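# Structure at a glance
One-letter residues, chain by chain:
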Amino acid sequence: MAMQRYLVEYRHLSPQTLAVWSSVPSSVASDALNRCQSMDSRIKPMVPGMRLCGQARTVVTMPGDNSMVHHAVSLAEPGDVVVVAGGGLDDVALAGEWVVRCCKRRGLGGLVVDGSVRDLHEIRGLGLPVFAKGAVARGPHKNFGGKMDVTAAIGGVPVNPGDLILGDEDGVVVVPLAFADAALSQSLALLERERRWTEQIEAGATLVDVLGVPPLEIVPAD
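Residues numbered from 1 in each chain as written. Predicted model: local features only at pLDDT ≥ 70, side-chain atom pairs only at ≥ 80, totals over all residues. Heavy atoms only, no water.

The name an unreviewed UniProt entry assigns to the protein is Putative 4-hydroxy-4-methyl-2-oxoglutarate aldolase, from the organism Azospirillum thiophilum.

Set out below in structure tokens:
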């Protein structure tokens, strides 16, 4: 299989818009998208507390091969999030210290791998948001091919170049670029609603009252 980069154009979100998005938890973004668009629950930050926000540059690899990952992290622009469709293969690491170091040096926004990474000690020290299913010592092969900037299935969710990627300790959510403006407005409304709920609960209200849960049916004892 050849190594191919597809030339695509997409709308770039402004730094101001991305700054607002960076304050939105992944759970709220998923709620704003009809409780969908959440990647496989095993894809988590490799360093606790890491947050991820940026537009996607997609990579599709051959199983166990990371040659296209090297191309992608060398071509992506500052702030981009390289999102790797590794087929969920978790017994081969598709990225390690040198891939992450390159991402960090080039100012990328982060790395998401539907699979494993390695060199966790070094990754922790680099400070770049890295999300994956886990870590494994076994490294990848190279030069078997792959594609960049195509529609890709990553963690069970379709991702297109330019889609917004949000990640935190709950996982990773994909916001389709076509719906990003509406999803942001809805997310901010949900955050305001949650703020009011918090105030009510702290004032002594019950969850039943706050959330409007239907009343219990009382069943008499025999």
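Each helix and strand in the protein was counted, giving seven helices and 13 strands. Out of the 222 residues in the protein, the part that is buried amounts to 46%. A sequence separation of at least 24 residues applies to 77% of the contacts in the protein between residues at least 6 apart. Carbon and sulfur atoms form 55% of the exposed surface of the protein, whose accessible area is close to 11,400 Å². (Helix = DSSP H or I, 4+ residues; strand = E, 2+ residues; numbered from the N terminus. Buried < 20%, exposed > 50% of the residue type's maximum accessible area, 1.4 Å probe, protein only. Contact = heavy atoms within 4.5 Å. Areas by Shrake-Rupley, 256 points an atom, 1.4 Å probe, with all protein chains shown as cover.)

With that out of the way, let us pick up the UniProt feature "binding site: Mg(2+)" (unreviewed entry) in the protein. The UniProt entry lists Asp119 under the feature "binding site: Mg(2+)" (unreviewed entry), expressed in the numbering used here. Structurally, Asp119 is set in the loop between strand E6 (116–117) and helix H5 (120–126). If near-sequence neighbours (up to four positions away) are discounted, Asp119 is found in contact with Gly96 and Glu97. At 2.8 Å, the side chain of Asp119 and the backbone nitrogen of Glu97 are in polar contact. (UniProt positions renumbered as here; feature names shortened; annotations may be inferred. Polar contact = N/O pair within 3.5 Å; in protein donor to acceptor, adjacent residues only side chain to side chain.)

For the rest of this paragraph, the subject is the pattern of salt bridges. Applying the stated criterion across every chain, the model contains 13 salt bridges. A salt bridge links Glu97 to Arg101, with the nearest nitrogen and oxygen atoms 2.8 Å apart. Of this pair, Glu97 and Arg101 both sit in helix H4 (residues 97–105), four residues apart, roughly one helical turn. Owing to a relative accessible area of 13%, Glu97 belongs among the buried residues under this scheme. Owing to a relative accessible area of 37%, Arg101 belongs among the partly exposed residues under this scheme. (Salt bridge = Lys/Arg side-chain N within 4 Å of Asp/Glu carboxyl O.)

To continue, consider unusual backbone geometry. The bulk of non-glycine residues show a negative phi, and the bulk of peptide bonds are trans. We note that Arg35 has phi near 60°; this positive angle belongs to a residue other than glycine. The class for Arg35 is exposed, based on a relative accessible area of 62%. Non-glycine residue Asp149 carries a positive phi angle of around 60°. Of the residues examined, Asp149 reaches a relative accessible area of 3% and is grouped as buried.

Okay, the UniProt feature "binding site: substrate" (unreviewed entry) in the protein next. UniProt's feature table lists "binding site: substrate" (unreviewed entry) at Gly96, Glu97, Trp98, Val99 and Arg118, given in the numbering used throughout. Spatially, the listed residues are clustered: although they cover 23 residues, their C-alpha atoms lie within 10.3 Å of one another. Residue position: Trp98 is located in helix H4. If we skip the residues at most four places from it in the chain, Val99 touches Asn66, Val69, His70, Val73 and Leu111.

Take the state of the cysteines next. Going through the model one piece at a time under the given rule, you end up with zero disulfides. Distance from the sulfur of Cys103, which forms no disulfide, to the nearest cysteine sulfur (Cys102) is 6.1 Å. Judged by its relative accessible area of 0%, Cys103 falls in the buried class. (Disulfide = S-S within 2.5 Å.)

Turning next to the nonpolar core. If you look at the biggest cluster of nonpolar residues, it comprises 24 residues, and the most contacted ones within it are Val82, Val84, Leu111, Val117 and Val130. Of all the secondary structure elements, the ones that give two or more residues to this core are helix H3 (67–75), strand E4 (81–85), H4, strand E5 (110–113), H5 and strand E7 (130–132). Top contributing element to this core by residue count: H3, with four residues. Membership of the second largest hydrophobic core comes to 18 residues, among which are Val47, Met50, Val157 and Val174. (Core = buried A, V, L, I, M, F, W, Y, C linked by side-chain atoms within 4.5 Å.)

Turning next to the side chain of Asn66. With respect to the secondary-structure elements, Asn66 resides in the loop between strand E3 (52–61) and H3. Excluding anything up to four places from it in sequence, Asn66 contacts Leu94, Val99, Pro140, His141 and Lys142.

In this section: the packing of H3 against H4. Running from N to C, H3 and H4 cross one another at 15°; their axes reach a closest spacing of 9 Å. Between H3 and H4, the crossing angle belongs to the class labelled roughly parallel. The way H3 lies across H4 gives a crossing that is left-handed. Along its contact with H3, which presents Val69, His70, Val73 and Ser74, the element H4 presents Val99, Cys102 and Cys103. (Axes fitted to C-alpha atoms, helices over the stretch in contact; angles between N-to-C directions. Parallel < 35°, antiparallel > 145°, perpendicular 65-115°, else oblique. Left-handed = near helix turned anticlockwise from the far one by under 90°.)

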